[in-house]
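# Inside the fold
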Amino acid sequence: DHVNAEIASGTVSSKQDVMEGIGWTYFYRRITQNPTYYGLETADKEDVQSFLSDLIEDTLEDLQDAGCVSIATCGKETEVRPEFLGKVASFYYLHYKTAALFAERCHQKMAVQECFEALCDASEYDEMPVRHNEELLNADLASQVMEHGGFAVDTRNAEDPHFKVNVMLQAYLGRLPLPISDYALDTKSALDQSVRIIQAMVDVCSNEGWLGSTLNCVLVLQMLSQGMWYTQNTTQCLPGVNEKVAKKLTGAGKGS
């Protein structure tokens, strides 16, 4: 991610630039001070240079496979150029794997559910904690979500962090009670990350000219901002207005 950001900003444009940039980092100092931690036998200059060269080569290949950069060999020099996905990942501080996910999952006719699921599968949620026995709570919450008309989920994946994010966000949209207080903090953490992830997805779809998919991504963003499903009465985004009150307001509006 660090290398992708440097390439996207134009700070580095070749493998040699990356090598020289790493030489000024704390990472480089740690290698020379504690080489065995990184799998080196000695801190000799040749060993360190060889290690860094292999590391950079692997990193650039990963970024290229993710569609974030393009690599071209000009003589003895290896040039690297930023691609649109790499710029998007750098701008929104996203993991390069999330950019690769968008390249794989986004298409011209994405439904709202597909946009929502792509959001929940982003690499930013890889570290969402699934504590002891929480897979049981996740499965129960998923059942409640589906009973109240939410998106269907496979409860066999209840131990997956992305599954937890999915059902927590759906519970948030449906204003369902959470099983324990820890889930409130986890939901807040997921929501804090969601805005920039969806905005990046909007950029990816709009760059391809996919109007329908772009609008559905915006719709997901709006749902999370208002804390309600897009199918609900719009007045329910107001404080204290539940479904019953919303129906009365709608009826009063028709009557007038």
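All of the points below concern the structure found in this document. (Residues numbered from 1 in each chain as written. Predicted model: local features only at pLDDT ≥ 70, side-chain atom pairs only at ≥ 80, totals over all residues. Heavy atoms only, no water.)

## Section: the pairing of strand 2 (residues 77-82)
Heads up, the condition is: At least two bridges found by DSSP between two strands are what make those strands a pair. Only DSSP runs of H or I reaching four residues or more are called helices, and only runs of E reaching two or more are called strands; each is numbered from the N terminus.
Examined bridge by bridge, strand 1 (residues 69-74) and strand 2 share 6 bridges and lie antiparallel to one another. Paired with V69 across the strands is P82, a residue of strand 2. As consecutive antiparallel partners, strand 1 and strand 2 are separated by 2 residues, and within that stretch G75 has a phi angle of approximately 70°, a positive value.

## Observations concerning empty space enclosed by the protein
Under the convention used in this document: The method works on a 1 Å grid over the protein atoms by themselves. A cavity is a set of points holding a 1.4 Å probe that cannot get out, a pocket is an open set with protein on both sides within 12 Å along at least five of seven lines, and residues with an atom within 4 Å of a point line them. Grid points are joined across faces, edges and corners, and a volume is the space filled by probe spheres set on the points. Here the nonpolar group is Ala, Val, Leu, Ile, Met, Phe, Trp, Tyr, Cys and Pro; Asp, Glu, Lys and Arg are the charged ones; every other residue, Gly included, is treated as polar.
Counting across every chain of the model gives 1 cavity of 30 Å³ or more. Size it by volume and the largest cavity reaches roughly 30 Å³. Together, V145, H148, G149, G150, Q170, G174, L176 and W229 line the largest cavity. Considered class by class, the residues forming the lining of the largest cavity number 3 nonpolar, 5 polar and no charged.

## A look at the nonpolar core
Put simply, the rule reads: In plain words, nonpolar cores are sets of buried Ala, Val, Leu, Ile, Met, Phe, Trp, Tyr and Cys residues tied together by side-chain atoms within 4.5 Å. With a 1.4 Å probe rolled over the protein chains alone, any residue whose accessible area is under 20% of its type maximum counts as buried; one over 50% counts as exposed, and the rest are partly exposed. Here, two residues are considered to be in contact whenever any of their heavy atoms come within 4.5 Å of each other.
Counting 69 residues, the largest nonpolar core has L119, L169, M201 and V220 as the members making the most contacts within it. Sorting elements by how many residues they give to this core places helix 10 (residues 182-208) first, with 10 residues. Here L119 is in contact with Y125, L169, S194, I197, I198, M201, V220 and L224, once residues within four sequence places are set aside.

## A word on the packing of aromatic side chains
Quick note on the threshold: Two rings from Phe, Tyr or Trp (for Trp, the six-membered ring) form a pair when their centres are within 6.5 Å of each other. A pair whose planes differ by under 30 degrees is stacked, one over 60 is edge-to-face, and the rest are tilted.
Per the counting criterion, the structure on display carries 5 aromatic pairs. Taken together, a centroid distance of 5.5 Å and an interplanar angle of 80° make the contact between F27 and Y38 edge-to-face. You can see F27 sitting in helix 3 (residues 26-33) and its partner Y38 sitting in the loop between helix 3 and helix 4 (45-65), a full 11 residues away along the chain. Overall, F27 belongs to the partly exposed group, its relative accessible area being 29%.

## Some remarks on a negative patch on the surface
What counts, and what does not: Patch building starts from residues that exceed 30% relative accessible area and form no salt bridge, then joins like charges within 9 Å and nonpolar side chains (Val, Leu, Ile, Met, Phe, Trp, Tyr) within 5 Å. Using a 1.4 Å probe, accessible areas were evaluated by the Shrake-Rupley method; residue-level cover was limited to the displayed protein chains. A carboxyl oxygen of Asp or Glu within 4 Å of a side-chain nitrogen of Lys or Arg is what we treat as a salt bridge. The charge count includes Lys and Arg as positive and Asp and Glu as negative, but it does not include His or the ends of the chains. Lysine's charge is taken at NZ, arginine's at CZ, aspartate's at CG and glutamate's at CD.
The grouping of D54, D58, E61, D62 and D65 at the surface amounts to a negative patch. When you line up the elements, E61 lands in helix 4.

## Describing the packing of helix 5 (residues 84-91) against helix 10
Heads up, the rule is: Fitting a line to C-alpha atoms yields each axis, with helices limited to the stretch in contact; the angle taken between N-to-C directions then spans 0 to 180 degrees. Convention used here: angles under 35 degrees read as roughly parallel, angles over 145 as roughly antiparallel, angles from 65 to 115 as roughly perpendicular, and any remaining angle as oblique. Two helices that cross are described as forming a left-handed crossing if the nearer one is turned anticlockwise from the farther one by less than a right angle, and a right-handed crossing if clockwise.
The contact between helix 5 and helix 10 brings their axes to 10 Å, and the two run at 155°. As the angle between them shows, helix 5 and helix 10 are arranged roughly antiparallel. Viewed along their axes, helix 5 and helix 10 form a crossing whose handedness is right-handed. Listed contacts from helix 10 to F84, L85 and V88 of helix 5 are A200, D203, V204 and N207. Of the residues contributing to the contact of helix 5 with helix 10, the split by class is 5 nonpolar, 1 polar and 1 charged.

All quantities given are derived from atomic positions and should not be read as evidence of function.
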